[in-house]
Amino acid sequence: MPDLLQELDAYLQSDDSPPDCLMLSDLDGFLTGVACTPVPLANWADVAFGAGASVPPRIMTLTRKRLEDITASLSAEPGLLEPVFWQAPEGHAIAMDWCEGFMEAVKLNTVHWDKFGQSTTGAKLLMPILVHMFDDSGNSLFGIAQEDIDETLEAAAQAIPQTVPLIRREMRMLG
């Protein structure tokens, strides 16, 4: 993990962080969603750290730098994404927190995202993120059978680095 991410993670896990802040994987997914949104989101810091939270300037600088890095990677040709997923002890990626963070960014601009998600291309590209959504009881919002969840989530997590640059490109064309 790069130093920037280690420093952010240490702060987010510390007692100095705001109580409503996102943790590192959620924050990374959220910032990726912000980078994909076709119009600037002025209030993203309120979601990332909690409304009205006081965040040290160094942490805001690191967060903006991570957003810039994500944006630059997604804008490159071909687009590239290195998401911050947690790793299970067995070695597979756990992308649920990242996906929940991404969806928090979607909520900030539902007009553009609804239009995108209702298109055939948009629905297909969002699917690897959306299959990570579960209700409060732990049931898949897509009705994935319990015995298929691990395999489905692993395949979806592997698809995210390829689909998100396409999401950003398609969203920019809608913007």
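Relevant structure appears above.
The following paragraphs examine the structure supplied in this document. Computed from a prediction, not measured in an experiment: that's the story for all the values here.

1. Digging into the overall build of the chain
Step number 1: Across its full length, the chain holds 8 helices and 2 strands.
Step number 2: In the chain, the order of α-helices and β-strands from amino to carboxyl end is α-α-α-α-β-β-α-α-α-α.
Step number 3: Here the chain has a C-alpha radius of gyration of 16 Å; the compact-globule value for 175 residues is 16 Å, and the two agree.
Step number 4: Structurally, the chain occupies a C-alpha span of about 40 × 40 × 30 Å along its principal axes.
Step number 5: The proportion of buried residues among the 175 residues of the chain is 45%.
Step number 6: Residue pairs at least 24 apart in sequence account for 68% of intrachain contacts in the chain once pairs closer than 6 positions are excluded.
Step number 7: As presented, the chain carries roughly 9,300 Å² of accessible surface, and 53% of it is formed by carbon and sulfur atoms.

2. Points about the environment of Asp46
Step number 1: With respect to the helices and strands, Asp46 occurs in helix H3 (residues 44–49).
Step number 2: A C-alpha to C-alpha distance of 8.7 Å links Asp46 and Cys21, two positions 25 residues apart in sequence.
Step number 3: When sequence neighbours within four positions are dropped, the list of residues in contact with Asp46 reads Ala51 and Gly52.

3. Some words on helix H7 (residues 120–130)
Step number 1: For H7, every residue scored as buried is listed here: Gly122, Leu125, Leu126, Pro128 and Ile129. Considered in projection along H7, the buried side chains sweep an arc of 140 degrees and stay on one side of the axis. Seen from the buried face of H7, the exposed residues on the opposite side, beyond 90 degrees, are Thr120 and Lys124.
Step number 2: Taken together, the buried residues of H7 touch helix H5 (96–107), helix H6 (110–117) and helix H8 (149–174).

What counts as what
- Residues numbered from 1 in each chain as written.
- Predicted model: local features only at pLDDT ≥ 70, side-chain atom pairs only at ≥ 80, totals over all residues.
- Heavy atoms only, no water.
- Helix = DSSP H or I, 4+ residues; strand = E, 2+ residues; numbered from the N terminus.
- Rg over C-alpha atoms; globule rule 2.2 N^0.38 Å.
- Buried < 20%, exposed > 50% of the residue type's maximum accessible area, 1.4 Å probe, protein only.
- Contact = heavy atoms within 4.5 Å.
- Areas by Shrake-Rupley, 256 points an atom, 1.4 Å probe, with all protein chains shown as cover.
- Arc of directions from axis to C-beta.

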